[in-house]
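The primary structure of each chain is shown beneath.
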Amino acid sequence: MNHFLDIHKTDAAALRGIIDHAGAMKQARLGRPKGTPDDEQPLAGQMVALIFEKPSTRTRVSFDVGVRQMGGQTMVLSGNDMQLGHGETIADTARVLSRYVDLIMIRTFDESVLVEMAEYADVPVINGLTDRTHPCQIMADILTYEEHRGPIKGKKVVWTGDGNNVCASFLHAAAQFGFDLTFTGPSQLDPEDEFVGLARKAGCKVVIERDPVKAVTGADLVVADTWVSMHDSQSSKERRHNMLRPYQVNDALMAHAKDDALFMHCLPAHREEEVTSSVMDGPQSVIFDEAENRLHAQKAIMRWCLGV
Ligand code: CP
Ligand code: NVA
C-alpha cells in the first residue's frame with residue numbers, strides 16, 4: 001500500500017519520481033484553463049475523501065482541483081461533522097471509509113491519528129499536515145526550487161523562526177534530496193532532536209545557529225513560516241512573538257543570502273511579523289509559485305499512491 005505519510009517514510013527514488021512527474025504534468029497543462037480536464041484521466045471513476053480537522057485554504061482547494069483535473073471526484077469532510085469528532089474510533093472510521101472511497105487525505109492534530117488511519121485503511125492515506133509534519137508542502141517547495149534554480153542537492157536551505165511541523169518535513173527532505181539545512185531561531189523552539197538526528201545520520205549538514213545573519217549568509221533558499229501554528233495555544237502568542245522577533249525575514253536579512261537566493265513561505269503568512277511585505281512581494285520571493293505547485297505536486301503524489 002503506497003501511503004504518503006511522511007517524506008522520510010517514502011523511498012528516495014519514489015520521491016524523485018513524484019517531483020519529476022509533477023513538473024511534467026504542470027508543463028502539459030500550461031496555458032490551459034484551470035477547470036479543464038487533463039489529457040490523461042487516471043482518476044476516472046475514483047472517489048477521494050479530504051478530511052480536515054483544522055482550517056485550510058491551499059490544501060483543501062489544491063487537492064480538490066487536482067482530483068477533478070485527473071477525472072476523479074472528491075468529498076470534503078470536516079472532522080467535526082463526522083462521527084470521528086464525536087467518539088467513533090479512528091480504526092472504525094478508516095475501515096468504513098475504505099468501503100466508499102479509493103483514497104483518503106487527512107489534516108489532523110496528533111500524528112497518531114494519521115498513523116492509525118493508515119494502519120486500518122484498505123486504501124492509501126495522505127498526510128495533509130499534522131502537528132509534527134507537512135510533507136505535501138515540502139514536495140511542492142522542492143518542485144518550486146528546482147523549477148527556478150535547478151537541482152536542490154547540495155544547496156544551503158535556511159529555516160528561520162519556529163522549528164515546527166513544516167521545518168520537520170524540510171529536515172526529512174534534506175536527508176532524502178541531499179541538501180544542507182541551517183535552522184535559526186530561539187533554543188526553546190528548536191526542531192525536535194529526532195528530525196535533526198535523521199538528517200545528520202543521512203549525511204546532511206544540519207547547523208543550529210542562533211544568529212540569523214550568520215545563518216543566512218550564503219543561503220540558496222531562505223524559508224519562513226508563521227510564528228504561531230494552528231496547534232499552538234493562542235495564550236503562547238505574545239511569548240512566541242517576543243522570542244521570534246529577531247528572526248523576522250526582512251530586506252536587511254535577505255541581503256546576507258546569496259544574490260540569487262530564493263524566499264519561500266508555505267502560507268498563510270502574517271505580513272510584517274515573520275516576514276515583511278517587501279520580501280514577500282520582492283524579486284526573490286516565489287511564494288505564489290510555491291502555492292500553485294501544491295496542486296501539481298499533490299497530483300503526482302495521488303497518482304503514486306494509487307499506482308495510476
Ligand atoms: N500551506 C498550507 O498548507 O496552507 P493551508 O493551511 O491553507 O492548507
Ligand atoms: N506551521 C503552520 C503551517 C500552516 C500551513 C501550522 O501548522 O499552522
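Note that this is a predicted model, so its numbers are computed, not measured. (Residues numbered from 1 in each chain as written. Chains lettered and ligands numbered in written order. Predicted model: local features only at pLDDT ≥ 70, side-chain atom pairs only at ≥ 80, totals over all residues. Heavy atoms only, no water.)

Asker: How should the site of ligand 1 be read in this particular structure?
Answerer: Lining the immediate environment of ligand 1, one finds S56, T57, R58, T59, R107, H134, Q137, C266, L267 and R294. Contacts to ligand 1 include R58, whose side-chain N or O atom sits 2.8 Å from an oxygen atom. L267 places a main-chain nitrogen or oxygen 2.8 Å from a nitrogen atom of ligand 1. Protein burial of ligand 1: of its 250 Å² of free accessible surface, 95% is covered by the chains. Of the residues contributing to the shell around ligand 1, the split by class is two nonpolar, five polar and three charged. (Near = heavy atom within 4 Å. Polar contact = N/O pair within 3.5 Å; in protein donor to acceptor, adjacent residues only side chain to side chain. Areas by Shrake-Rupley, 256 points an atom, 1.4 Å probe, with all protein chains shown as cover. Nonpolar A, V, L, I, M, F, W, Y, C, P; charged D, E, K, R; others polar.)

Asker: Please explain the nonpolar core as it appears in this structure.
Answerer: In summary, soluble globular proteins display a tendency toward joint burial of nonpolar side chains. Grouped together as the largest cluster of nonpolar side chains are 55 residues, with contacts concentrated most on F4, I126, M139, F170, F177 and F179. Per element, the largest residue contribution to this core is eight residues, and it comes from helix α6 (residues 165–177). Setting aside residues no more than four positions away along its own chain, F170 makes contact with I138, D141, V157, W159, F179, L181, L221 and V223. Judged by nonpolar contacts, the second largest core, of 18 residues, contains L84, A94, I104 and M117. (Core = buried A, V, L, I, M, F, W, Y, C linked by side-chain atoms within 4.5 Å. Buried < 20%, exposed > 50% of the residue type's maximum accessible area, 1.4 Å probe, protein only. Helix = DSSP H or I, 4+ residues; strand = E, 2+ residues; numbered from the N terminus. Contact = heavy atoms within 4.5 Å.)

Asker: How do you make sense of the pairing of strand β5 (residues 156–160) when you look at a structure like this?
Answerer: A large share of β5 lies buried, amounting to four of its five residues. Sheet analysis places β5 next to strand β6 (residues 180–184), joined by five bridges and oriented parallel. Within the sheet, the bridge partner assigned to K156 lies in β6 and is D180. Viewed along the sheet, the connection from β5 through α6 into β6 turns out right-handed. Here β5 runs beside strand β8 (residues 221–224); their pairing, made up of three bridges, is parallel. Residue pairing in the sheet places W159 in a bridge with V223 of β8. (Pairing = 2+ DSSP bridges. Right-handed = clockwise from strand over helix to strand, strands pointing away.)

Asker: Looking at this structure, how should I read the pairing of β6?
Answerer: Regular strands show a simple pattern: their side chains alternate between the two faces of the sheet. Along β6, four of the five residues are buried, which leaves the element largely enclosed by surrounding structure. Taken together, the three bridges between β6 and strand β7 (residues 206–208) define a ladder with parallel strand orientation. Its bridge partner being in β7, T182 is matched across the sheet by V207. Crossover connection from β6 via helix α7 (residues 193–201) to parallel β7: handedness right-handed.

Asker: I'm lost on α7 in this one. Help?
Answerer: Owing to its 3.6 residues per turn, the α-helix brings residues three or four apart onto one side. Every buried residue of α7 is listed here: F195, V196 and A199. Summarising the axial view, the buried residues of α7 lie within an arc of 95°, below the 170-degree limit, and thus occupy one face. More than 90 degrees from the buried face of α7, the exposed residues found are D193 and K201. Directly beyond the C-terminal end of α7, a positive phi value near 95° is found at G203. (Arc of directions from axis to C-beta.)

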